[in-house]
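Notes for the structure review
Single-letter residue listing:
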Amino acid sequence: MTGKRIALALALLALATVPYWMPGTYYVNVMSQILFFAIFALGINVLVGHAGLVSLGHAGLFGVASYVVAIVVAAGWGHAAAIVISLVVTMIVTAGFAVLSLRAIGIGFLMITLALGQILWGLAYRWISLTNGDNGLNIATRPAPFGIALTSASAFYYATLLIFLLSVVMAAVFANSPFGASLRGTRDQPRRMNALGYHVFMIRFYACMFSGLLSAMSGILFVYYNQFISPQALALTSSAEVILMVISGGSGTLLGPIVGAALVVIMKNVASAYIVRWNLVLGAIFVTIVIFMPEGLVPGVVRLWKAGWAALRGQPAVRTSAPSPGAHG
Amino acid sequence: MTTALSVNALCKSFGGLRVTAEVNLNVAPGERRLIIGPNGAGKTTLFNLITGELTPDSGSIHLFDRDITRVASRKRAHLGMARTYQIITLFPQDTILRNVMLALLGLSPLRWSPLKPFDRQHHLVELASAALTRVGLDHIAHRPLSQTSYGERRRVEIAMALAQNPKLLLLDEPFAGLSIDERRDVQKLLLAIPRDVTIVMIEHNMDVALEFAEKITLLHFGEVIVEGTRTEVVDNPRTREVYLGE
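Residues numbered from 1 in each chain as written. Chains lettered and ligands numbered in written order. Predicted model: local features only at pLDDT ≥ 70, side-chain atom pairs only at ≥ 80, totals over all residues.

**A few points about the overall build of chain B**
Convention followed: Segments assigned H or I by DSSP are reported as helices when at least four residues long, segments assigned E as strands when at least two residues long, and all are numbered from the N terminus. Two things to know: the radius of gyration comes from C-alpha atoms, and the globule rule equals 2.2 Å times the number of residues to the power 0.38. Buried residues are those with 20 or more other C-beta atoms within 10 Å of their own C-beta, exposed residues have 12 or fewer, and partly exposed residues lie in between; C-beta atoms are placed from the backbone.
If you tally the helices and strands in chain B, you get 9 helices and 10 strands. Rg of the C-alpha trace for chain B: 18 Å, near the compact-globule value of 18 Å for 246 residues, within the 12% margin. Across its three principal directions, the C-alpha atoms of chain B cover 55 × 40 × 35 Å. Residues classed as buried in chain B amount to 45% of the 246 residues present.

**Quick look at the sheet that holds strand β1 (residues 5–14) of chain B**
Residues and elements named next belong to chain B. Rule in force here: For two strands to be treated as a pair, DSSP must find at least two bridges joining them.
Taking strand neighbours across the sheet as the criterion, the 4 strands line up as β2-β1-β4-β5 in an open arrangement whose pairing is antiparallel. The open sheet has two free edges, formed respectively by β2 (17–27) and β5 (66–67), since each of these has just one partner strand. Bridging between strand β4 (residues 58–63) and β5 involves 2 bridges; their strand directions are antiparallel. Bridge pairing links His 62 to Asp 67 in β5.

**Overview of the pairing of β1 of chain B**
Residue and element names in this part refer to chain B. Bridge count between β1 and β2: 7 bridges; the pairing is antiparallel. Each residue of the ladder has a partner; that of Leu 5, found in β2, is Val 27. The loop that links β1 with its antiparallel partner β2 comprises 2 residues; one of these, Gly 15, has a positive phi angle of about 65 degrees. Pairing of β1 with β4, which is carried by 5 bridges, proceeds in the antiparallel orientation. Looking across to β4, one finds that Cys 11 is bridged to Ser 58.

**Looking at the domain arrangement of chain B**
Residue and element names in this part refer to chain B. Here is the rule we go by: Domain start and end points were adopted from an automatic or database domain assignment. Residue pairs are scored as contacts if the distance between their C-beta atoms, which are placed from the backbone, is within 7 Å. All residues other than Ala, Val, Leu, Ile, Met, Phe, Trp, Tyr, Cys, Pro, Asp, Glu, Lys and Arg, Gly among them, are scored as polar; the first ten of these are nonpolar and the last four charged.
Domain annotation of chain B identifies domain 1 (1–80 + 166–246) and domain 2 (90–165). Here domain 1 and domain 2 have C-alpha centroids that lie 26 Å from each other. In this assembly, 12 residues from domain 1 lie in contact with 12 residues from domain 2. When contributions to the side of domain 1 that touches domain 2 are tallied by element, the ones reaching two or more residues are α2 (73–78) and α6 (180–191). Counting residues per element, the side of domain 1 that touches domain 2 draws most heavily on α6, which supplies 4 residues. Here the residues of the side of domain 1 that touches domain 2 sort into 7 nonpolar, 3 polar and 2 charged.

**Remarks on unusual backbone geometry**
All names here are of chain B. Of note in this structure, Glu 22 is not a glycine but carries a positive phi near 50 degrees. Along the chain, Glu 22 falls in strand β2. The partly exposed category is assigned to Glu 22, around which 14 C-beta atoms lie within 10 Å. Of note in the backbone geometry, Phe 221 takes a positive phi value of approximately 50 degrees without being a glycine. Here Phe 221 is to be found in the loop between β9 (215–220) and β10 (223–229). For Phe 221, a count of 16 C-beta atoms within 10 Å translates into the label partly exposed.

**A short note on helix α1 (residues 3–16) of chain A**
Note on helix geometry: an α-helix contains 3.6 residues per turn, so any two residues three or four positions apart are oriented the same way. Spelled out, the test is: The span one expects for a helix is its residue count, reduced by one, times 1.5 Å.
Under the 1.5 Å per step criterion, the end-to-end length of α1 of chain A is 20 Å for 14 residues, consistent within 8% with the ideal 20 Å. A small share of α1 of chain A lies buried, amounting to 0 of its 14 residues.

**Some words on the environment of Leu 61 of chain A**
Residue and element names in this part refer to chain A. Among the structural elements, Leu 61 can be located in helix α4 (residues 58–74). The class for Leu 61 is buried, based on 32 C-beta atoms found within 10 Å. In this structure, the C-alpha to C-alpha distance between Leu 61 and Leu 120, residues 59 residues apart in sequence, is 8.3 Å. Those residues in contact with Leu 61 that lie beyond four places of it in its chain are Thr 90, Val 93, Thr 94, Phe 97, Gly 212, Ser 215 and Ala 216.

**Things to note about the interface of chain A and chain B**
How big an interface is tends to be stated in terms of the accessible area lost upon association of its parts. If you look at the interface, chain A gives 21 residues, while chain B gives 26 residues. Those elements that provide at least two residues to the side of chain A that touches chain B are α8 (153–176), α9 (178–188) and α10 (190–195) of chain A. With 7 residues, α9 of chain A is the largest single contributor of residues to the side of chain A that touches chain B. Residues that form the side of chain A that touches chain B fall into these classes: 8 nonpolar, 10 polar and 3 charged.

**Focus: the sheet that holds strand β6 (residues 81–83) of chain B**
Picture the strands of a sheet paired through backbone hydrogen bonds; they go either parallel or antiparallel. All names here are of chain B. What counts is decided by this rule: Here the axes come from fitting lines to C-alpha atoms, over the contacting stretch only for helices, and the angles between their N-to-C directions go from 0 to 180 degrees.
Pairing is mixed in the open sheet, where 6 strands are placed in the order β6-β7-β8-β3-β9-β10. Where the open sheet ends on each side, the last strands, each with one partner, are β6 and β10. The mean angle between the axes of side-by-side strands here comes to 15 degrees, regardless of whether they run parallel or antiparallel. Set on the sheet, helix α1 (residues 43–51) makes contact with β3 (32–36), β6, β7 (168–172), β8 (198–202) and β9; between it and β7 the angle comes to about 150 degrees.

**Re the environment of Asn 269 of chain A**
All names here are of chain A. Structurally, the position occupied by Asn 269 is in helix α13 (residues 255–274). You can call Asn 269 partly exposed: it has 16 C-beta atoms within 10 Å. The spacing of Asn 269 and Ser 239 is 30 residues in sequence and 18 Å in space, taken between C-alpha atoms. Leaving out residues up to four positions away in the same chain, Asn 269 has contacts with Val 30 and Gln 33.

**Here we look at the pairing of β3 of chain B**
All names here are of chain B. β3 sits mainly inside the fold: 5 of its 5 residues count as buried. Side-chain alternation along β3 places Arg 32, Leu 34 and Ile 36 on one buried face and Arg 33 and Ile 35 on a second face that is also buried. Pairing of β3 with β9, which is carried by 4 bridges, proceeds in the parallel orientation. The residue of β9 that forms the bridge with Ile 36 is Leu 218.

**Observations concerning the nonpolar core**
Test applied: Any set of buried Ala, Val, Leu, Ile, Met, Phe, Trp, Tyr and Cys residues joined through C-beta atoms within 7 Å is what this text calls a nonpolar core.
Counting 164 residues, the largest nonpolar core has Ala 38, Ala 41, Val 69 and Ala 261 of chain A together with Val 100, Leu 132 and Ala 159 of chain B as its most contacted members. A per-element tally of this core places helix α3 (residues 25–51) of chain A first, with 16 residues. Mapped onto the domain boundaries, this core takes at least three residues apiece from domain 1 (1–80 + 166–246) and domain 2 (90–165) of chain B. In this view, Val 69 of chain A contacts Ala 82, Ile 83, Ser 86, Ile 220 and Val 223 of chain A; residues no more than four positions away in its chain are not counted.

If you want it as structure tokens, here you go:
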């Protein structure tokens, strides 16, 4: 068994036993938050890390998924129908998002996604007859798949863990697939990819759709976790926060967005209880990461580990560059 | 008679600047054609028009008698057109092997697959390895591209183009920036390309290019001013006036 597999087995064991060793329900809930925000970060990572497209509007897609669940449940439909309708609607909105925003790349893409995200936020805020405006929408109950009620923190955590693991597998398979390689090719050399016979626009479009799917899955978990959704979830700060998760953890890697999500959620939910100006600390952490590990926390730690190991063995330290996206995790 | 590439009255302007003016070009199947001309003559623009990266204002382009003037650039690759770039355009984060595999993947329906592992596509690995053997890089196939020399990268570019098994290969200054030894290696490599591949090449290095070319087209300010065999073009006073010098 290789070291990687042992680490993976230990991580899975730790995740599977969280409710048994976490000191209290509050922390189990924090773990649920880490997991569903990690799914969101994995979704953003498809665009930021693999496609080289920074979106500032994904909180809009996340919010659409949440709102659709809340609206459909409020209309008297069951949870299963609400989840399916939410996924379908979010994918349709994502397709519209992609068609409009992929007319540009770089700053242009960023600005269009920002504008589209703000439109969705504006709709959530102002379409009061549908969204209840700033007061938001409540959901009275959580789903009970196969008769298992997700009302307790532990039950909800396990449901979130299952979906998280599914998302991680999806993201890993995607990153190592021919399509993942094609997507990274369009990030690095779109002109060359076009000359090689690739349909650059469609590759980016499908990547947006996959990213939207993960965002929707995360949004659905978010609304069921809080049993409430308000326009705040669609705000620009939400999109920026998830991008910070991806960049601080290491964009283009599998583990990076998960670590980034854990960092942000822990700072927001745990450190904020002890440090009044926790935002300042979070900012300082990001600045430190950007200065000392510009490739992100996970690839940075791997690099430092290798350098330290080489120094211990008396070998000359080799300055390794940021690893190939999708190549590890 | 079938032509591999036929360009008819092709025109392209950028604002008020006419960069391709009524260019006509007929390249026979299997031919080795050299395009020469001073800097700014419109050689690379002509390549970009032929590959579809630029849309012509007027005129037509035929590939093996098929009108491809309005065919999307990516589809021209599927029709058997491959090119290399004057400025090396590769994937520095990948290995040499994966660069060539990406070229092969571009023509395979597998490129849309989000499920199968890319590195375990053994038929792609084999074809890519064969292409690298052709250019003499098989022994460093797993080396990251960022750790290769300029000359090796030039050969990777050619390997990527050859891996696609093209019918028409467009080479944009393949000898640019190479040392004498590297130039000799690339020259040998190009001479070994079989005749079922038609080659059109832009090159400034006349020593190596003249040995390769069967027919030469001289461009000047976007116009074809001389065309013919090596001797005809080299001996033409216009060639000496605008390009070779007295």
